[in-house]
Amino acid sequence: MRKMIYLDHAATTPVDPSVFAAMTPFLTEKFGNPSSVHSFGREVRAAIDEARDSIASTIGASSSEIYFTSGGTEADNLAILGAARANRAKGDHIIISAIEHHAVLEACEHLMEEGFRVSYLPVNRDGLVDPNDVTAAINKDTILVSVMHVNNEIGVIEPISAIGRIARENGALFHTDAVQSFGVLPIDVDRLNVDLLSASAHKIYGPKGSGFLYVRTGVRIQPLQFGGSQERERRPGTENVAGIVGLRAAAELAVSQLDTAPTRLAALRDRLIDGIFNRIPGAHLNGHRELRAPGNANISFEGVEGESLLLNLDLEGIAASSGSACSAGSLAPSHVLTALGLPHELAQGSLRLTVGRGTTEEDIDTVIDSLESIINRLRG
Ligand SMILES: *Cc1c(COP(=O)(O)O)cnc(C)c1O
């Protein structure tokens, strides 16, 4: 049987065996409730405390600034809804980029129903936000700015340090969705001028359903749920202990590889991009060529629909993702590709290929061969 090739690491990653091994005891013998005073509880409480210390140190934060959540979506919602509602007396204006993840976009749409106003920052052809546009949009009513660190579709790395500085100078909080950058790029919350930062375990070889929100000391947020004193009442509910331990193990492993992994991934990505451009005419790279995540290639092909490409690749055992979301039977181009100003045809023909730890050069060469023949067939 043919080897399956997984090039969808921006969607999710397999749990690393060492992460799984770290988690297992907390699903079996170490089952105590961390809030219990007996030894079963204390042992588990200690594991959560250690995880919090470790996660904090990977981003230059202190332990009391880390709140464990059920993942990136919850962290984004807690940041956006929580910070906006807690600061309502100061103002009602929020600024986000047009290419945010749906967790941020739709949290803001919800806030508009509560009477908040939202401004959307455009991006240029390369997918970059211009910090000058933040300066132009910000005003005395602005309480929150949210721009993602790395975009999940096109992999572009946004100038968040400059954006965070502008927010701070104007008395607004700055949130960044770092789900695609945490464990992939070095992060220091002070250097990046970040007040709130979201991250998720399953994008970095940890378990699904586990993530965290960093909240700078002194920043007020309202909780989204009520009913317990866990996570200092900002996120009540019995902790997902194994998930938290898995997040910690995944983060430590990823951060320990930050010196080597990006170079290896970028070489694979470039082999893929160069191979496609050499062999397949009418291919266009979406997103900035250099300012992009090491593992991301997002490419549009003239005259070919992304969905057909995906289905044909899947038949050959290759897992990828398309930039366009399929809604109610009609293929609507993604908001990210639309924001780049791509013509409809190219926005429909986009393919996201994201390499990861398990990807080899042979995988890349196989994918290029398959793509070439599929595209020739679809165009013919
Ligand atoms: C995956 C992702 C999320 C959502 O994280 P979950 O842990 O899957 O809820 C949010 N933002 C970005 C940029 C992502 O890539």
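Residues numbered from 1 in each chain as written. Predicted model: local features only at pLDDT ≥ 70, side-chain atom pairs only at ≥ 80, totals over all residues. Heavy atoms only, no water.

**Focus: the sheet that holds strand β3 (residues 93-97)**
Here we have seven strands laid out as an open sheet, ordered β2-β8-β7-β6-β5-β3-β4, and mixed in their pairing. With partners counted over all chains shown, the strands left at the sheet margins are β2 (66-69) and β4 (117-121), one partner each. Each neighbouring strand pair of the sheet contributes to a mean axis angle of 20°, computed without reference to strand direction. Of the strand pairs in this sheet, strand β5 (residues 142-146) and strand β6 (residues 173-177) are connected by three bridges, and their pairing is parallel. (Pairing = 2+ DSSP bridges. Helix = DSSP H or I, 4+ residues; strand = E, 2+ residues; numbered from the N terminus. Axes fitted to C-alpha atoms, helices over the stretch in contact; angles between N-to-C directions.)

**Some words on the domain arrangement of the protein chain**
Structurally, the protein chain comprises domain 1 (5-14 + 259-379) and domain 2 (17-256). Across the contact, 27 residues belong to domain 1 and 30 residues belong to domain 2. Looking at the side of domain 1 facing domain 2, the largest losses of area belong to His-335, Leu-340 and Arg-357, adding up to 26% of the total buried there. Where domain 1 touches domain 2, the interface holds zero salt bridges. Where domain 1 meets domain 2, there are 15 residue pairs in polar contact (both at pLDDT 80 or more). Going through the elements one at a time, β10 (296-301) and α10 (335-339) are the ones with two or more residues in the side of domain 1 that touches domain 2. Of the residues belonging to the side of domain 1 that touches domain 2, the class tally is eleven nonpolar, 13 polar and three charged. (Domains from an automatic or database assignment. Contact = heavy atoms within 4.5 Å. Buried area = accessible area lost by both parts, 1.4 Å probe. Salt bridge = Lys/Arg side-chain N within 4 Å of Asp/Glu carboxyl O. Polar contact = N/O pair within 3.5 Å; in protein donor to acceptor, adjacent residues only side chain to side chain. Nonpolar A, V, L, I, M, F, W, Y, C, P; charged D, E, K, R; others polar.)

**A closer look at unusual backbone geometry**
Look at Asn-193: it is not a glycine, yet its phi comes out positive at around 55°. Within the secondary structure layout, Asn-193 lies in the loop between β6 and β7 (196-200). Here the phi dihedral of Tyr-205 falls at roughly 65°; this positive angle occurs in a residue that is not glycine. Note on placement: Tyr-205 falls in the loop between β7 and β8 (211-215). What makes Tyr-205 buried here is its relative accessible area of 11%. (Buried < 20%, exposed > 50% of the residue type's maximum accessible area, 1.4 Å probe, protein only.)

**Some remarks on the nonpolar core**
Core analysis: the biggest nonpolar cluster contains 58 residues, and Ile-59, Ile-66, Phe-68, Val-145, Leu-197, Phe-212 and Tyr-214 have the highest contact counts within it. Among the elements that take part in this core, helix α7 (residues 241-256) stands out by supplying eight residues, more than any other. Residue contributions to this core reach at least three from each of two domains, namely domain 1 (5-14 + 259-379) and domain 2 (17-256). Excluding its chain neighbours within four sequence positions, the residues that come into contact with Ile-59 are Ile-66, Phe-182, Ile-187, Asp-188, Val-189, Phe-212 and Tyr-214. (Core = buried A, V, L, I, M, F, W, Y, C linked by side-chain atoms within 4.5 Å.)

**Section: the site of the ligand**
Around the ligand there are 13 residues in total, and Thr-73, Asp-177, Gln-180, Ser-200 and Lys-203 lie nearest to it. Within the contact set of the ligand, an oxygen atom lies 2.8 Å away from a side-chain nitrogen or oxygen of Lys-203. Within the complex, 88% of the 380 Å² of free accessible area of the ligand lies under protein. In terms of residue count, the dominant contributor to the shell around the ligand is helix α3 (residues 72-86) (three residues). Each residue belonging to the shell around the ligand can be placed in one class, and the counts come to two nonpolar, eight polar and three charged. (Near = heavy atom within 4 Å. Areas by Shrake-Rupley, 256 points an atom, 1.4 Å probe, with all protein chains shown as cover.)

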